[in-house]
Amino acid sequence: MRKETLRGFSKAVANKLISLEPTQAIEEFYAGLKTIKGIGPWTSDYMALKVIRNTDAFPKTDLILARTLEKYSLES
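Quick caveat, the model's predicted, so the values are computed rather than measured.

**Student:** How should the layout of surface pockets be read in this particular structure?
**Tutor:** With a probe scaled to a water molecule rolled over the atoms, the places where space remains empty come into view. In this structure, the largest pocket spans a volume of roughly 160 Å³. For the largest pocket, the full set of lining residues is Arg-2, Thr-5, Leu-6, Phe-9, Gly-38, Ile-39, Thr-43 and Met-47. At the level of elements, helix 1 (2-14) and helix 3 (41-50) are the ones that each hand at least two residues to the lining of the largest pocket. Among the residues making up the lining of the largest pocket, the classes are represented as 4 nonpolar, 3 polar and 1 charged.

And the structure:
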């Protein structure tokens, strides 16, 4: 499955269906990623954060981050 996902992503970039340009609208980036089987919300957020340097992206479904935020919550 991972190989298929990587191939799908690579083809989409090569065919200019997905841009890696950091100045693009984030909605367009997410929309392009949604078309690739195997890329879900966590991967999309992480890629937006790392690949196009969207500082507003946050992989909120990441299990480790969720546990850490729960452990160190300001409400505790």
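Moving on, there is more to tell.
**Student:** Looking at this model, I keep getting lost on the environment of Lys-11. Mind explaining?
**Tutor:** Tracing the chain through its elements places Lys-11 in helix 1. Lys-11 sits in the exposed class, given a relative accessible area of 56%. Taking the C-alpha atoms as reference points, Lys-11 and Arg-67, 56 residues apart in sequence, are found 35 Å from one another.

**Student:** Sorry, what's going on with the packing of aromatic side chains here?
**Tutor:** Here a ring pair, both rings aromatic, is described through the centre-centre distance and the interplanar angle of the planes. The full count for this structure, using the stated rule, is 1 aromatic pair. Judged by centre distance (5.3 Å) and plane angle (5°), the rings of Trp-42 and Tyr-46 are stacked. Taken as a pair, Trp-42 and Tyr-46 lie in helix 3 at a separation of 4 residues, close to a single helical turn.

**Student:** When you look at helix 2 (residues 26-34) in this model, what are you seeing that I'm missing?
**Tutor:** At 3.6 residues per turn, the α-helix brings residues three or four places apart onto the same side. All buried positions along helix 2 are accounted for by Ile-26, Phe-29, Gly-32 and Leu-33. Around the axis of helix 2, the buried residues are gathered within 125° of arc, so they sit on the same side. Turned more than 90 degrees away from the buried face of helix 2, the exposed residues are Glu-27, Glu-28 and Lys-34. Buried-residue contacts for helix 2 involve helix 1 and helix 3.

**Student:** Explain the nonpolar core to me, please; I cannot follow it from the model alone.
**Tutor:** Nonpolar side chains tend to gather and get buried jointly when the protein is soluble and globular. Within the largest apolar cluster, 12 residues are counted, these being Phe-9, Ala-12, Ile-18, Ile-26, Phe-29, Leu-33, Ile-36, Ile-39, Met-47, Ala-48, Ile-52 and Ala-57. Of all elements in the fold, only helix 1, helix 2 and helix 3 reach the threshold of two or more residues within this core. Residue contributions to this core peak at 3 residues, all from helix 2. Beyond its immediate chain neighbours, meaning those up to four positions away, Ile-26 contacts Ala-48, Ile-52 and Asn-54.

**Student:** It is not clear to me how unusual backbone geometry should be interpreted in this structure. Could you clarify?
**Tutor:** Generally, phi is negative for residues other than glycine and the peptide bonds are trans, each holding for most cases. Phi at Lys-16 is positive, roughly 60°, even though this residue is not glycine. Position of Lys-16 among the secondary structure elements: in the loop between helix 1 and helix 2. Overall, Lys-16 belongs to the exposed group, its relative accessible area being 74%.

About the cut-offs
Residues numbered from 1 in each chain as written. Predicted model: local features only at pLDDT ≥ 70, side-chain atom pairs only at ≥ 80, totals over all residues. Heavy atoms only, no water. 1 Å grid on protein atoms, 1.4 Å probe; cavity = no way out; pocket = protein on both sides within 12 Å on 5 of 7 lines; lining within 4 Å. Points joined across faces, edges and corners; volume = space filled by probe spheres on them. Helix = DSSP H or I, 4+ residues; strand = E, 2+ residues; numbered from the N terminus. Nonpolar A, V, L, I, M, F, W, Y, C, P; charged D, E, K, R; others polar. Buried < 20%, exposed > 50% of the residue type's maximum accessible area, 1.4 Å probe, protein only. Phe/Tyr/Trp six-rings, centres within 6.5 Å; stacked < 30°, edge-to-face > 60°. Arc of directions from axis to C-beta. Contact = heavy atoms within 4.5 Å. Core = buried A, V, L, I, M, F, W, Y, C linked by side-chain atoms within 4.5 Å.

Worth remembering: the numbers are spatial, not functional.
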